[in-house]
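# A structural walkthrough
Here are the chains, one letter per residue:
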Amino acid sequence: MKVVFMGTPEFAVPCLEALVEGGYDVTGVVTQPDKPQGRKMKLTPPPVKVRALEYSIPVFQPQKMKESGVLEQLSAWEPEVIIVVAYGKILPKEILELPQFGCINIHASLLPKYRGAGPIQWSVLNGEKETGVTSMYMEQGLDTGDMILKASTPIGENETASELQMRLSHLGAQVLLDTLKLVEQGNVPRQKQDDALSCYAPMLDKSLSPLDFTKPGKAIHHQICGLADWPCATAKLEGSTLKILRSEWVEQVPGQPGEITVQGKKLLVACGDGSGVHLSLVQPQGKKPMTDAAFLNGHPIAPGTKLE
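The following paragraphs examine the structure supplied in this document. (Residues numbered from 1 in each chain as written. Predicted model: local features only at pLDDT ≥ 70, side-chain atom pairs only at ≥ 80, totals over all residues. Heavy atoms only, no water.)

### Side note on the packing of aromatic side chains
Inclusion rule: Centre distance within 6.5 Å is the pairing criterion for rings of Phe, Tyr and Trp, where only the six-membered ring of Trp is used; planes under 30 degrees apart are then read as stacked, over 60 as edge-to-face, and the remainder as tilted. The helix count covers DSSP runs of H or I at least four residues long, the strand count covers runs of E at least two residues long, and both are numbered beginning at the N terminus. When a residue's accessible area, from a 1.4 Å probe over protein chains only, is under 20% of the maximum for its type it is buried; when over 50% it is exposed; and in between it is partly exposed. Working rule: Lys NZ or Arg CZ, within 6 Å of ring centre, within 35 degrees of ring normal, means a charge sits over the ring.
A complete count under the given rule lists 1 aromatic pair for this structure. A centroid spacing of 6.4 Å and a plane angle of 80 degrees characterise the contact between Phe60 and Trp77, whose relative ring orientation is edge-to-face. With Phe60 in strand β5 (residues 59–60) and Trp77 in the loop between α3 (70–76) and β6 (81–85), this residue pair connects regions lying 17 residues apart in the sequence. Both residues of the pair, Phe60 and Trp77, count as buried. In this structure, Arg190 packs its charged tip against the face of Tyr137, placed 4.0 Å from the ring centre. A cation over an aromatic ring shows up here: Lys218 above the ring of Trp249, its NZ or CZ 4.6 Å from the ring centre.

The following block contains the structure:
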């Protein structure tokens, strides 16, 4: 079966690898343009492009899907199916209708929950106990097409969004292979989504970062886990920004909301419901990430000090 693959970030790489190693004829890869990254703003290819070139697969990087030449290039690759995994661009109607077996998306949630660009992060932010991956036929709506297969997995108590993303990327690769087997057999199930059960998962931004310790401790813990490793949860300590990268929920922590308790070499912070969080990995302003024990060695905390 001839396949065109569309994807951009690291999350999509295991799906591309599964296609190649599964013997599918990947005639071309479409990914986002190279972007400047880092302090020196070096032009950097997306992870999917790097992997595709290692497989010697042709790569196409259009700025817009409706620009001249896009449909012609895709048609020249003669796809029987187009696989889309975290590509990051909306596909116009003429592309959705191009392949014989349609365009199939691998989405990192149990649809119809968490449609949109940030399903993994929002499932953690909202304290979900379970998430997963859904394969679906694409249509012009945002993640609204008929569902094909689902695979679920529990979310660990202290699992960060980035850790969960790695697991879901491999789960998605298996769901993709299982879906394509059904396509080849001509036995693909189609289940309509119930829009009443849907919720939207927008892209993250830094407005989500500041912590409000008057909230319950579990909500603070979920916020820290969901925002790791970007844009990162933050708090102010004596006027400086402290990034909080990893945490654990603690059932009882004394003090007013935001008040720090040092317990041995542990950095504990009280929250609004009487519980608290253990800040196990932090990054002071202008410094590298460090454990709370290392932080406390160089930053003695006076009694009554608060994070704000």
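### Some details on the sheet that holds strand β7 (residues 103–107)
Definition in use: A strand pair is defined by DSSP finding two or more bridges across the two strands. We call two residues contacting when some pair of their heavy atoms lies within 4.5 Å. Each axis is a line fitted through C-alpha atoms, and for a helix only the stretch in contact is used; angles between axes span 0 to 180 degrees, taken between their N-to-C directions.
In spatial order, the strands read β5-β2-β1-β6-β7-β8-β9; together these 7 strands make up an open sheet with mixed pairing. Edge strands, defined here as strands with exactly one partner in the open sheet, are β5 and β9 (147–154). As judged from the 4 bridges shared by β7 and strand β8 (residues 130–137), these two strands associate in the antiparallel manner. Note on β8: the bridge partner recorded for Ile106 is Ser135. Running at roughly 150 degrees to β9, helix α6 (residues 161–185) makes contact with β6, β7, β8 and β9 of the sheet.

### Quick look at the packing of helix α1 (residues 13–21) against helix α2 (residues 47–54)
What counts here: Angle categories are assigned with fixed cut-offs, so that under 35 degrees is roughly parallel, over 145 is roughly antiparallel, 65 to 115 is roughly perpendicular, and the rest are oblique. In this scheme the handedness of a crossing depends on how the near helix is turned from the far one: anticlockwise by less than a right angle means left-handed, clockwise means right-handed.
Put simply, α1 and α2 touch, their axes get as near as 9 Å, and they point 20 degrees apart. Taken together, the axes of α1 and α2 lie roughly parallel to each other. Crossing of α1 over α2 shows right-handed handedness. Where α1 approaches α2, its residues Val13, Leu16 and Glu17 are matched on the opposing element by Pro47, Val48, Arg51 and Ala52.

Read these as layout, nothing more, since geometry by itself doesn't imply function.
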